[in-house]
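# A look at the structure
Next come the chains, spelled out residue by residue.
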Amino acid sequence: MTASQRREQLLTVSRGLFAEKGFEGTSVEEIAARAEVSKPVVYEHFGGKEGVYAVVVDREVQALTAALSAALETSGHPKVLLERTALALLDYIETSEDGFRILVRDSPVAQATGTFSSLIGDVATQVEQILVDQFKANGLVPSTAPLYAQMLVGMIALTGQYWLDARSPRKAEVAAHLVNLAWNGLSGLEKKPSLTKESR
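Residues numbered from 1 in each chain as written. Predicted model: local features only at pLDDT ≥ 70, side-chain atom pairs only at ≥ 80, totals over all residues. Heavy atoms only, no water.

By the naming in an unreviewed UniProt entry, the protein goes by TetR/AcrR family transcriptional regulator and is assigned to Antribacter soli.

As structure tokens, then:
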């Protein structure tokens, strides 16, 4: 293997172990054994377990940020943007289950940036800008938009964590129920919510 191929192999192996056992439960010895290399090879590429973990987390944060930002950057009705954002998170969970498990775990190397919490905060800031315009247009108090943005994004993120293990109901149905609660509120819940055609 070339050095870059070996690095990728170590990242793939480490990603699986971190998802399965968490940061604390994974050792350099296990990473090396599963990759069929010696411990010094892991240290040579990453300086230790913390280095491998930092790269794995950074890649996952970038992937999820890109997916959520793409959903929010499109134009459309705010309800459609909410649907697209919910689907983007659920799509990421479905295709990157190990990555999402790693992001939502706490670890000693988690910092104020580059964590799931900081990522959700970044997304909430984007949502806040959309809400400010909507609040102004509907005669609501724009200064409350940041609070509502945190509520919306937090609701979607926590539901994603639940769905990671439950996997029921189907992804589109979960997204529809999320949007139903967020858009209609408890007093206006639809009996059988479904996504708009633009989001499917």
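## Quick word on the packing of aromatic side chains
The full count for this structure, using the stated rule, is 5 aromatic pairs. Here the aromatic rings of Phe135 and Tyr148 are separated by 5.4 Å at their centres, their planes lie at 75°, and the arrangement is edge-to-face. Here Phe135 is found in helix H7 (residues 116-137), whereas its partner Tyr148 is found in helix H8 (residues 145-166), with 13 residues between them in sequence. For Phe135, a relative accessible area of 9% puts it in the buried group. Its end group placed over the ring of Phe23, Lys49 keeps NZ or CZ at 4.2 Å from the ring centre. (Phe/Tyr/Trp six-rings, centres within 6.5 Å; stacked < 30°, edge-to-face > 60°. Helix = DSSP H or I, 4+ residues; strand = E, 2+ residues; numbered from the N terminus. Buried < 20%, exposed > 50% of the residue type's maximum accessible area, 1.4 Å probe, protein only. Lys NZ or Arg CZ within 6 Å of the ring centre and 35° of its normal.)

## Let's talk about the UniProt feature "DNA-binding region" (unreviewed entry) in the protein
According to UniProt, the feature "DNA-binding region" (unreviewed entry) maps to residues 27-46 in the numbering used here. Along residues 27-46 the backbone is 80% helical and 0% strand, and the end-to-end C-alpha distance reaches 13 Å. (UniProt positions renumbered as here; feature names shortened; annotations may be inferred.)

## Looking at unusual backbone geometry
Residues other than glycine predominantly adopt negative phi, and peptide bonds predominantly adopt the trans conformation. Between Ser168 and the following residue, Pro169, the backbone shows a cis peptide bond with an omega angle of 0°. With phi around 60°, Glu36 is a residue other than glycine that occupies positive phi space. Here Glu36 is to be found in the loop between helix H2 (28-35) and helix H3 (39-46). Although it is not a glycine, Arg167 sits at a positive phi angle of roughly 55°. Relative to the elements of secondary structure, Arg167 occurs in the loop between H8 and helix H9 (171-184).

## Thoughts on the environment of Pro146
By the element assignment, Pro146 lies in helix H8. When the C-alpha atoms of Pro146 and Ala124 are compared, they prove to be 7.5 Å apart, with 22 residues separating the residues in sequence.

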